[in-house]
Amino acid sequence: MENERTHIISALVLHKPGVLQRVAGLFTRRGFNIESITVGTSEQEGIARMTIIAKGDGKILEQITKQLNKIIDVIKVRDLEPEKTVKRELCLIKVHTPTEKIRSEVIQYANIFRGRIIDVSPETLTIEITGASDKIDALIDLVKTFGIKEIARTGPTAMSRGIKTI
Amino acid sequence: MRGGEALIKSLKDQEVDVVFGYPGGVLLPLYDVIYDSDMRHILVRHEQCAAHAADGYARASGKVGVCIGTSGPGATNLVTGIATAYMDSSPIVAIAGQVATGLIGNDAFQEVDTIGMTMPITKHNFQPMNSQEIPEIIKTAFYIAGTGRPGPVVVDLPKDVQEQELDMDKEVRIDLPGYKPTRKGHPLQIKRAANLIANSKKPVILAGGGVILSGSSEELIKLAGIIDAPVVTSLLGKGSFPEDHPFSLGMLGMHGTKTSNYMVDECDCLIAVGCRFSDRTTGNVAEFAKNAKIIHIDIDPAEIGKNVEVDIPIVGDAKITLSSLIKALNQNNTSGNTDEWMKYVQNFKRSSSPRTSFNDVPLKPQQVIKEIMNATDEETIVTTDVGLNQMWMAHYFKVKHPRTFLSSGGLGTMGFGFPAAMGAKVAKPETDVVAICGDGGFLMVSQDLATIKEYDIPVVICILDNRYLGMVAQWQKLFYEKRLSHTHLGEVPDFVKLAEAFGVSAYRVEKPGEVQETLKNAINSGEPTLIDITIDPEEILPMVPPGCGLTEMVGEYKIEIESADGVPYYREAEERAGD
Ligand SMILES: Cc1ncc(C[n+]2csc(CCOP(=O)(O)OP(=O)(O)O)c2C)c(N)n1
Ligand SMILES: [Mg+2]
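Residues numbered from 1 in each chain as written. Chains lettered and ligands numbered in written order. Predicted model: local features only at pLDDT ≥ 70, side-chain atom pairs only at ≥ 80, totals over all residues. Heavy atoms only, no water.

All names here are of chain B. The sheet built from six strands is open, its strands ordered E2-E1-E3-E4-E6-E5 with parallel pairing. At either end of the open sheet lies a strand with only one pairing partner, and these are strand E2 (40–43) and strand E5 (124–126). Ignoring which end each strand starts from, the neighbouring axes of this sheet average 20° apart. For strand E1 (residues 18–21) and E2, the ladder comprises four bridges, and the chain directions are parallel. Looking at E2, one finds that Gly21 is bridged to Leu43. (Pairing = 2+ DSSP bridges. Helix = DSSP H or I, 4+ residues; strand = E, 2+ residues; numbered from the N terminus. Axes fitted to C-alpha atoms, helices over the stretch in contact; angles between N-to-C directions.)

Turning to the packing of aromatic side chains, a few remarks are in order. Residues and elements named next belong to chain B. For the structure shown, the criterion picks out eleven aromatic pairs over all chains. With 5.8 Å between their ring centres and 90° between their planes, Tyr143 and Tyr179 make a pair best called edge-to-face. Of the two residues, Tyr143 is situated in helix H6 (residues 134–146) and Tyr179 in the loop between helix H7 (159–163) and helix H8 (187–198); the sequence distance between them amounts to 36 residues. Note on Phe277 and Phe288: the rings are 5.7 Å apart at their centroids and 70° apart in plane angle, and the pair reads as edge-to-face. A residue pair is termed long-range when its members are at least 10 positions apart, and Phe277 in the loop between strand E10 (269–273) and helix H12 (279–282) and Phe288 in the loop between H12 and strand E11 (293–298) qualify at eleven residues. Both residues of the pair, Phe277 and Phe288, count as buried. A connected cluster of aromatic rings, assembled from ring pairs, spans Tyr262, Trp341, Tyr344 and Phe348. A cation over a ring is seen here: Lys258 above Tyr262, with NZ or CZ 5.8 Å from the ring centre. Here the basic side chain of Arg355 rests over the ring of Phe358, its NZ or CZ set 4.0 Å away from the ring centre. (Phe/Tyr/Trp six-rings, centres within 6.5 Å; stacked < 30°, edge-to-face > 60°. Buried < 20%, exposed > 50% of the residue type's maximum accessible area, 1.4 Å probe, protein only. Lys NZ or Arg CZ within 6 Å of the ring centre and 35° of its normal.)

Residues and elements named next belong to chain B. Near ligand 1 you find 17 residues, and of these Leu388, Gly412, Asp439, Gly441 and Gly470 are the closest. Between ligand 1 and Met414, the relevant distance is 3.3 Å, taken from a nitrogen atom to a main-chain nitrogen or oxygen of the residue. A distance of 2.9 Å is found between an oxygen atom of ligand 1 and a backbone nitrogen or oxygen belonging to Met471. A total of 590 Å² of accessible area belongs to ligand 1 in isolation, and the protein chains cover 77% of it. Elements represented by at least two residues in the shell around ligand 1 include exactly helix H16 (388–396), helix H18 (439–443) and helix H20 (470–479). (Near = heavy atom within 4 Å. Polar contact = N/O pair within 3.5 Å; in protein donor to acceptor, adjacent residues only side chain to side chain. Areas by Shrake-Rupley, 256 points an atom, 1.4 Å probe, with all protein chains shown as cover.)

Judged by side-chain polarity, Leu90(A), Leu92(A) and Ile118(A) come together as a nonpolar surface patch covering roughly 210 Å² of accessible area. Inspection of the secondary structure assignment puts Leu92(A) in strand E5 (residues 85–96). (Patch = residues over 30% accessible without salt bridge, like charges linked within 9 Å, V, L, I, M, F, W, Y side chains within 5 Å. Salt bridge = Lys/Arg side-chain N within 4 Å of Asp/Glu carboxyl O.)

Here we take up the coordination of the magnesium ion (ligand 2). Reference geometry at the metal: tetrahedral coordination by four donors gives ideal angles of 109.5 degrees; octahedral coordination by six donors gives 90 or 180 degrees. All names here are of chain B. All of the protein donors around the magnesium ion (ligand 2) are Asp439 (OD), Asn466 (OD1) and Tyr468 (O); their distances to the metal are 2.0 to 2.1 Å. Read in sequence order, the donor residues coordinating the magnesium ion (ligand 2) give the pattern D-x26-N-x1-Y. Of this pair, Asp439 sits in helix H18 while Asn466 sits in the loop between strand E16 (460–465) and H20; the two residues are 27 residues apart in sequence, bridging distant segments of the chain. Judged by its relative accessible area of 8%, Asn466 is buried. (Donors = N, O, S within 2.8 Å, 3.2 Å for Na, K, Ca; no water.)

Below, the discussion takes up the pattern of salt bridges. A side chain with one charge may pair with a side chain of the opposite charge, provided their charged atoms come close. Enumeration over the complete set of coordinates arrives at 34 salt bridges over all chains. Note that Lys66(A) and Glu62(A) form a salt bridge whose closest N and O atoms lie 2.7 Å from each other. Here Glu62(A) and Lys66(A) lie together in helix H2 (residues 58–70), a separation of four residues that amounts to about one turn. On the accessibility criterion, Lys66(A) (17% relative accessible area) is buried. Across the pair Glu81(A) and Lys84(A) runs a salt bridge, and its minimum N-O distance is 3.6 Å. Within the structure, one salt-bridge network assembled from shared partners comprises Lys70(A), Arg149(B), Asp300(B), Glu303(B) and Lys306(B).

All names here are of chain B. The contact between helix H15 (residues 365–375) and helix H22 (residues 514–525) brings their axes to 8 Å, and the two run at 35°. For the pair H15 and H22, the sense of crossing is right-handed. In this structure, H15 contributes Val368, Glu371, Ile372, Asn374 and Ala375 to the contact, and H22 contributes Glu514, Val515, Gln516, Leu519, Lys520 and Ile523. When its residues are assigned to classes, the contact of H15 with H22 shows six nonpolar, two polar and three charged. (Left-handed = near helix turned anticlockwise from the far one by under 90°. Contact = heavy atoms within 4.5 Å. Nonpolar A, V, L, I, M, F, W, Y, C, P; charged D, E, K, R; others polar.)

Residues and elements named next belong to chain B. When the domains of chain B are assigned, the result is domain 1 (3–163), domain 2 (187–351) and domain 3 (365–534). Here the C-alpha centroids of domain 1 and domain 2 sit 37 Å apart. If you look at the interface, domain 1 gives seven residues, while domain 2 gives six residues. For the interface between domain 1 and domain 2, the tally reads two salt bridges. Here Glu303 ties to Arg149 by a salt bridge, and the two come within 2.8 Å at their closest N and O atoms. At the boundary of domain 1 with domain 2, the tally comes to two residue pairs in polar contact (both at pLDDT 80 or more). Split into classes, the residues belonging to the side of domain 1 that touches domain 2 amount to two nonpolar, two polar and three charged. (Domains from an automatic or database assignment.)

All names here are of chain B. Together, Asp244, Asp377, Glu378 and Glu379 make up a region of like negative charge exposed at the surface. As for its placement among the helices and strands, Asp244 is situated in the loop between strand E8 (231–233) and strand E9 (248–251). Asp244 sits in the partly exposed class, given a relative accessible area of 47%. (Lys, Arg positive; Asp, Glu negative; His and termini not counted. Charge placed at Lys NZ, Arg CZ, Asp CG, Glu CD.)

Residues and elements named next belong to chain A. Per the domain assignment, the segments making up chain A are domain 1 (5–80) and domain 2 (86–158). Put simply, the middle of domain 1 and the middle of domain 2, counted by C-alpha atoms, are 29 Å apart. Each side of the interface is counted separately: domain 1 has eight residues, and domain 2 has six residues. Roughly 490 Å² is buried in total at the junction of domain 1 and domain 2, and carbon and sulfur atoms are behind 63% of that figure. Inspection of the region where domain 1 meets domain 2 yields zero salt bridges. Joining domain 1 to domain 2, the criterion identifies one residue pair in polar contact (both at pLDDT 80 or more). If you list the elements that add at least two residues to the side of domain 1 that touches domain 2, you get strand E1 (5–14), strand E2 (33–41) and strand E3 (47–56). Counting residues per element, the side of domain 1 that touches domain 2 draws most heavily on E3, at three residues. Taken together, the residues that form the side of domain 1 that touches domain 2 break down as three nonpolar, four polar and one charged. (Buried area = accessible area lost by both parts, 1.4 Å probe.)

Attention shifts here to the environment of Gln476(B). Residue and element names in this part refer to chain B. For Gln476, the position within the fold is in helix H20. Taking the C-alpha atoms as reference points, Gln476 and Lys191, separated by 285 residues in sequence, lie 49 Å from one another. Apart from residues no more than four positions distant in its own chain, Gln476 is found in contact with Glu481, Lys482, Arg483, Leu484, Ser485 and Thr487.

We now examine the nonpolar core. The tendency in soluble globular proteins is for nonpolar side chains to be buried side by side. Residue and element names in this part refer to chain B. Core analysis: the largest hydrophobic core is formed by 54 residues, its most contacted members being Leu270, Phe277, Phe288 and Leu325. For this core, the leading source of residues is helix H13 (residues 318–330), giving six residues. Filtering out sequence-adjacent residues up to four positions away, Phe277 remains in contact with Leu206, Leu270, Ala272, Thr282, Phe288, Ile294, His296, Asn307, Val308 and Val310. Core analysis: the second largest hydrophobic core is formed by 46 residues, Leu78, Ala435, Phe442 and Ile457 among them. (Core = buried A, V, L, I, M, F, W, Y, C linked by side-chain atoms within 4.5 Å.)

What follows deals with the side chain of His395(B). Looking at the element boundaries, His395(B) is found in helix H16. Excluding anything up to four places from it in sequence, His395(B) contacts His255(B), Gly256(B), Thr257(B), Pro354(B), Leu541(B) and Tyr557(B).

So, in structure tokens, the structure goes:
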């Protein structure tokens, strides 16, 4: 579809049971494509911030934001402009490292990507890495050859650059 | 005070004087309170009817209707009625029982996830986990249901919460940081709309249910008068503009009048107020009003641009926005602009008014509707069911006042007509209420004949009895080579005997003239009555097939007066251009 792109939607919602279901349910019911959704506390007590990554053209995005706004527990919704937004994701990667040589190679890669080793066992290393999603993809690609045991990604969270808030 | 008492007290604080309900295990504490309370409770015979009755109550009165059902099957039975109210923006509060808080999630007896189940069909829903929350939740539920774009709200009430003590003296606040409906239209947009209207030569107004919900019929009539524009309505808009007014063209859409469908096709400016451009109203959207600039006024921003691209969107309450628009228009001189168009529209209307008088036996539905119109007065509230009966009413029955034509539009729920009439009669005991039902739809809710008898709710039920699921059979005839798969309803029941089994007076009517007389007598009797009207099963209503533009009607459109001056405007213009 024309103008289709990935959007970063930031929403402030009441931190209440069911609110995630209301939002997620809306996406399935209206056939909107959702790539990821993260929820966590915000700067205000009782209010959570949701970051939704969704694909669609301008018309679909307009519907998504309008329909989100109709949910009573949703306080504010903003489609963040990609150039004026900082976006970060956290990822944990457990790599199979049976030999000393592999181990040191993996540690080197992790260092290049500013990742940290947060757990070690005789057979594995676990890397923690934060950054833009494509940076994480690149690291995963590199260590894939050694054998990845497990990956846990949070999906991106985001906010506007500078003084602006939603 | 305990939770159950607090619930009833909170309902009374919202000026609720009647609830439609059905008890069950988890509702025992609440019903024990109702036992001593002066809250009027009407025991329906199926929870679906409780929800439809609350909905009919709301549509007839403009107040929030209340229904109650127990947990599990009670709640699932309410669902159809809640979804019906949701699709038509009708304000109801549905109270569902729930298993005790400690059992939730254990698949306890009669447990169902009412909150999850009703999320997509409510404006909002609540589950008090503690009785202290009840007063605030009820107050908030009514506020949400009745304001902005109205809609249903569910309160899922666990059994133990009904029994817990609470302090009723605490202050009750509505705290909704995420809910602030826009009421006033943007002044700049209103100005732009006024300019567009003032410069249009062929305007049409399309009025939807929002005009009725916001009580802005007066403003609508005024607007039509100022700009000299004809008015078409959606199904739910029927009653927003008096249909005996010379400017009224009737309903638009799949089963709309020929005049409405053609005039919207030809207009150069469409002023849509409080409607959502449902596919049943627009036909193929690519073809819809293709010569027009569209102004769309609606209180729900999500409706604007959802189905149809609009040129001037205005988010706001129809009443406030129309008043501002009228003011803005008065500053523009529009007089005379539309004279030629209005003359053309009137001619078109005259030459394509549908024929309504027939002497045939079995009765033609057109004749039946005419007699129903003759037997009722303009204040009478009519409800319809779903199917051909509904579309015949929509097409032929002229509604003059808001809130006197109640029909399930968005969800198209068979079985709506009768219980909605029951609710309307409870809301307006002094007003005559007549339910027009199909034989199929009525049978889905016929058990509630017991309710109207026991509580003496004198509605008159007219069954348009064709022994078919007529609407579906019509589609089969038109689009499936007349293969009438499972749409014949057979010979039973005998509706007269059925009604009599409930102690409800009943009559069978088969000849022209009898409908009017029997209905008039039934209304005057002041007793619940059923009239089984045998109609011609072959009669079909012209329609726009799905996916087609509004002027591509199929089926013979019988017209009242044959006349030669029904030339479409554009053709006339073309001919003139060729001179
Ligand atoms: C609950 C429900 N089930 C099925 C339908 C599909 N449907 C629409 S109209 C119709 C036929 C209705 O038959 P009847 O009540 O006899 O009315 P008629 O069309 O004959 O006037 C059916 C089955 C529906 N709208 N609602
Ligand atoms: Mg029928």
